[in-house]
Amino acid sequence: MPDSQHDLTDSAQPEGENKHDSLMDVAEPDDAFLLASEQEDSVAAPRRALIVIVTDHPGEQSDSTSQLVNELLAEANFRVDGAIVVRSKKSKIRQAIETAVVGGVDLVLTVGGTGVGPRDKTPEATRSVIDKMVPGVAQALRSSGQACGAVDACTSRGLSGVSGSTVVVNLAPSRAAVRDGMATLAPLVHHLIDQLQQSSVQ
Amino acid sequence: MPDSQHDLTDSAQPEGENKHDSLMDVAEPDDAFLLASEQEDSVAAPRRALIVIVTDHPGEQSDSTSQLVNELLAEANFRVDGAIVVRSKKSKIRQAIETAVVGGVDLVLTVGGTGVGPRDKTPEATRSVIDKMVPGVAQALRSSGQACGAVDACTSRGLSGVSGSTVVVNLAPSRAAVRDGMATLAPLVHHLIDQLQQSSVQ
Amino acid sequence: MPDSQHDLTDSAQPEGENKHDSLMDVAEPDDAFLLASEQEDSVAAPRRALIVIVTDHPGEQSDSTSQLVNELLAEANFRVDGAIVVRSKKSKIRQAIETAVVGGVDLVLTVGGTGVGPRDKTPEATRSVIDKMVPGVAQALRSSGQACGAVDACTSRGLSGVSGSTVVVNLAPSRAAVRDGMATLAPLVHHLIDQLQQSSVQ
């Protein structure tokens, strides 16, 4: 004699398929449902991202930053193609972003080079690649950076926009700027990628 | 307590007009007061607004959006000259804004075409009409859009500025963006119109 | 009171250097400490600022604004070189800013001329002087102006950026805009000056 309720239900099943149907009311899924479900999956699938670390002193700190961005991107449902470390030269930064755009990633995230020093060239390099500026993302990073005390984020000259079908965003380099910035930008960037994918489908 | 005191004062009034005068110290308004009062009224009079709905699929939804904007503009003390529905072509949007500017409306409000898709042309069309950019209005729309979860408002490429003596503002198309946006922009736009009217008077 | 205490300490010193030492537990600073202390002092030392009041009607109000900005700058650890009152002409405003930049001040703060009227020329004049725009400061002024009800601050066309090694920021003219603006910009501007001083040292 089975004890558990689950077993009881199972043993009751043979009595008549009608009873099971009336309880669960589940029919075989039709083709339209399967297609919709598949599309839902494709939207929820991870997007591809590339990290570009801009620094004149590659080493422990840039490795640590790269790892942090990597983790936060994964949490935000991005699959990270890789992290490139480039010197703070306009041509090098531009080249790294362009290669990623041509490679078809959904998001290029740069870290560093957004200040007002003579070696800070990331916004200039990014400007030359972006087709359409989307100022709201960069400003959201500045506002929330100010709220959380990441003063390098608030004074960042970083840009955000679209190049081809790729979203490009500049982050300030402090760990606070990266942590706060990732939380702020993730839903906005996903919305932009949604728009870009819809318009290419329709 | 204040109410009862008010009632007392009122009931005391029949006793003698002199007393009332001594309490309120109100003389016949002189010409200067009447003029000032008239000017105050002219400031409080409704301003003229025109709605430009940008869409490639005119129909029920654009009618519904148009009606919503109409109602919210009326609540914000604007008299709506009309709502024009135009296709998302740069020349068409530009022409609609320019006609309204020449017609002397105080505010042109466009709705839609502010995203990053290939058919989104509203910011480009608006840019070509605006004389002076006023970035604070567009950014206030993005910030409050982010706060209220209108992600299309937060990532909007919409602009705000002045063309001639007309304020021009781009709104994102979702109902949330329109509702929240109207609440945000009304006091700012009225302030801008105040400035434009003062400077043309002085 | 602080003075008298200072005098007491001074008068106590002759009694015996040992007693002073035992109370304060101060050893002779070594060279490294002196160097660090000197560097710390140089960072904590007041930065130099210049105020540019833009108005077509110099008088009591501009004097009062000038005094308010002066006090708030002093509270924010700036030493004010002076306040210049200029007419709202692009060439005059530009000249005032450029003279201050050449003179090596750390911050030029303009007040007024940021609206949309035909006489408002401060942003245009500032644009022609700035090498690198830092949009976050100007936007922080707009956001907090909106929050505190300084509508002229929220709709301000004011800019912020760096010219040479000088930070330049435009403020809207109302007292609310000045008060709130100073509280908002002080930490951001100090951070920018830190960056500019570091990069010129390294």
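Residues numbered from 1 in each chain as written. Chains lettered and ligands numbered in written order. Predicted model: local features only at pLDDT ≥ 70, side-chain atom pairs only at ≥ 80, totals over all residues. Heavy atoms only, no water.

Draft legend 1. Quick look at the overall build of chain A. Within chain A, the secondary structure is distributed over nine helices and six strands. The proportion of buried residues among the 202 residues of chain A is 46%. A sequence separation of at least 24 residues applies to 77% of the contacts in chain A between residues at least 6 apart. Roughly 10700 Å² of accessible area belongs to chain A as shown, and the carbon and sulfur atoms make up 52% of that amount. (Helix = DSSP H or I, 4+ residues; strand = E, 2+ residues; numbered from the N terminus. Buried < 20%, exposed > 50% of the residue type's maximum accessible area, 1.4 Å probe, protein only. Contact = heavy atoms within 4.5 Å. Areas by Shrake-Rupley, 256 points an atom, 1.4 Å probe, with all protein chains shown as cover.)

Draft legend 2. Looking closely at the interface of chain C and chain A. Of the residues lining the interface, 16 residues belong to chain C; the matching set on chain A comes to 13 residues. In total, about 1200 Å² of surface goes out of reach between chain C and chain A, with carbon and sulfur atoms giving 66% of it. The largest contributions to the chain C side of the interface with chain A come from K132(C), L188(C) and H191(C), which together make up 38% of the buried area. Here chain C is connected to chain A by zero salt bridges. (Buried area = accessible area lost by both parts, 1.4 Å probe. Salt bridge = Lys/Arg side-chain N within 4 Å of Asp/Glu carboxyl O.)

Draft legend 3. Region of interest: the interface of chain B and chain A. If you look at the interface, chain B gives 13 residues, while chain A gives 16 residues. Of the roughly 1200 Å² buried between chain B and chain A, counting both surfaces, carbon and sulfur atoms make up 66%. Between chain B and chain A we count zero salt bridges in total. At the surface where chain B touches chain A, the tally comes to two residue pairs in polar contact (both at pLDDT 80 or more). Here the residues of the side of chain B that touches chain A sort into four nonpolar, five polar and four charged. (Polar contact = N/O pair within 3.5 Å; in protein donor to acceptor, adjacent residues only side chain to side chain. Nonpolar A, V, L, I, M, F, W, Y, C, P; charged D, E, K, R; others polar.)

Draft legend 4. Layout of the relation of the copies chain B and chain A. Rotating chain B by 120° and moving it 0.0 Å along the rotation axis overlays it on chain A with an RMSD of 0.0 Å. Expressed as a symmetry operation, the mapping of one chain copy onto the other fits a three-fold axis. (Least-squares fit on C-alpha atoms with pLDDT ≥ 70 in both.)

Draft legend 5. Geometry of the pairing of strand β3 (residues 107-111) of chain B. All names here are of chain B. Counting buried positions over the five residues of β3 gives five, a clear majority of the element. Here β3 shows two buried faces, one formed by L107, L109 and V111 and the other by V108 and T110. Sheet topology places strand β1 (residues 47-54) next to β3; five bridges connect them, and they run parallel. Bridged to L50 within β3 is V108. As paired elements, β3 and strand β6 (residues 166-171) share five bridges and run parallel to each other. When the sheet's bridge partners are listed, L109 is paired in β6 with V169. (Pairing = 2+ DSSP bridges.)

Draft legend 6. The arrangement of the pairing of strand β2 (residues 78-86) of chain C in detail. Residue and element names in this part refer to chain C. Looking at chain direction, strand β1 (residues 47-54) and β2 are connected through eight bridges and run parallel. Across the sheet, residue V52 finds its bridge partner in β2, namely I84. Following the chain from β1 across helix α4 (residues 60-75) to the adjacent parallel β2, one finds a crossover that is right-handed. (Right-handed = clockwise from strand over helix to strand, strands pointing away.)

Draft legend 7. Region of interest: the side chain of H190(A). All names here are of chain A. Along the chain, H190 turns up in helix α9 (residues 175-201). Classification of H190 as buried rests on a relative accessible area of 17%. Looking at H190, its side chain comes within polar contact range of the side chain of R47, at 2.8 Å. What H190 contacts, discounting residues up to four positions off in sequence, is R47, A76, N77 and F78.

Draft legend 8. Broad picture of the relation of the copies chain C and chain A. When chain C is fitted to chain A, the best match, at an RMSD of 0.0 Å, comes from turning it 120° and sliding it 0.0 Å along the axis. Interface overlap between copies is the fraction of interface residues in one copy that are interface residues in the other; for chain C against chain A it is only 6%, indicating separate surfaces.

Draft legend 9. Quick look at the sheet that holds β3(B). All names here are of chain B. If you walk across this open sheet you meet the six strands as β2-β1-β3-β6-β5-β4, and the pairing is mixed. This sheet does not close on itself; its edge strands, each paired only once, are β2 (78-86) and β4 (132-133). The strands that helix α4 (residues 60-75) touches are β1, β2 and β3; relative to β1, the one it contacts most, it runs at about 160°. Along the sheet face, helix α7 (residues 135-147) touches β4, β5 (160-163) and β6 and points at about 25° away from the line of β6. (Axes fitted to C-alpha atoms, helices over the stretch in contact; angles between N-to-C directions.)

Draft legend 10. Layout of the sheet that holds strand β3 (residues 107-111) of chain A. Residue and element names in this part refer to chain A. Pairing is mixed in the open sheet, where six strands are placed in the order β2-β1-β3-β6-β5-β4. Of all the strands in the sheet, just β2 (78-86) and β4 (132-133) have a single pairing partner and so form its edges. Contacting β1 (47-54), β2 and β3, helix α4 (residues 60-75) crosses the sheet at an angle of about 160° to β1. Packing against the sheet, helix α7 (residues 135-147) makes contact with β4, β5 (160-163) and β6 (166-171), and its axis sits at approximately 25° to β6.

Draft legend 11. Layout of the pattern of salt bridges. Scanning all chains against the criterion turns up 18 salt bridges over all chains. R48(B) is paired through a salt bridge with D81(B); the nearest N and O atoms lie 2.7 Å apart. Within this pair, whereas R48(B) is found in strand β1, its partner D81(B) is found in strand β2, the two being separated by 33 residues in sequence. When its relative accessible area of 25% is taken as the criterion, R48(B) is described as partly exposed. Judged by relative accessible area, which is 39%, D81(B) ranks as partly exposed. Each of R48(A), R79(A) and D81(A) takes part in a single network of salt bridges with overlapping partners.

Draft legend 12. Looking closely at unusual backbone geometry. Look at N77(B): it is not a glycine, yet its phi comes out positive at around 70°. Following the sequence through the fold, N77(B) ends up in the loop between α4 and β2.

Draft legend 13. Looking closely at the side chain of T110(A). All names here are of chain A. One can find T110 in strand β3. Take T110: its relative accessible area is 0%, and that puts it in the buried class. Setting aside residues no more than four positions away along its own chain, T110 makes contact with V52, I97, T122, V169, N170 and L171.

Draft legend 14. Spotlight on the environment of D131(C). All names here are of chain C. Considering the arrangement of structural elements, one finds D131 in the loop between α6 (122-127) and β4 (132-133). Given the relative accessible area of 56%, D131 is considered exposed. Spatially, the C-alpha atoms of D131 and S165 are 9.7 Å apart, while their sequence positions differ by 34 residues. Those residues within four positions of D131 in sequence are excluded, and the remaining contacts are V162, S163 and G164. Within polar-contact distance, the side chain of D131 engages the backbone nitrogen of G164 at 2.6 Å.

Draft legend 15. Region of the structure containing helix α5 (residues 90-102) of chain B. Residues and elements named next belong to chain B. Here α5 contains 13 residues, and its C-alpha end-to-end distance of 18 Å stays within 8% of the 18 Å for a straight helix at 1.5 Å per residue. All buried positions along α5 are accounted for by I93, A96, I97, A100 and V101. For α5, the buried positions fall inside an angular range of 135° around the axis, keeping them on one side. For α5, the exposed residues lying more than 90 degrees away from the buried face are T99 and V102. Each element contacted by the buried residues of α5 is listed here: β1, β2, β3, α6 (122-127), β5 and β6. Where α5 ends, the next residue or the one after it, G104, has phi of about 85°, a positive value. (Expected span 1.5 Å × (residues − 1). Arc of directions from axis to C-beta.)

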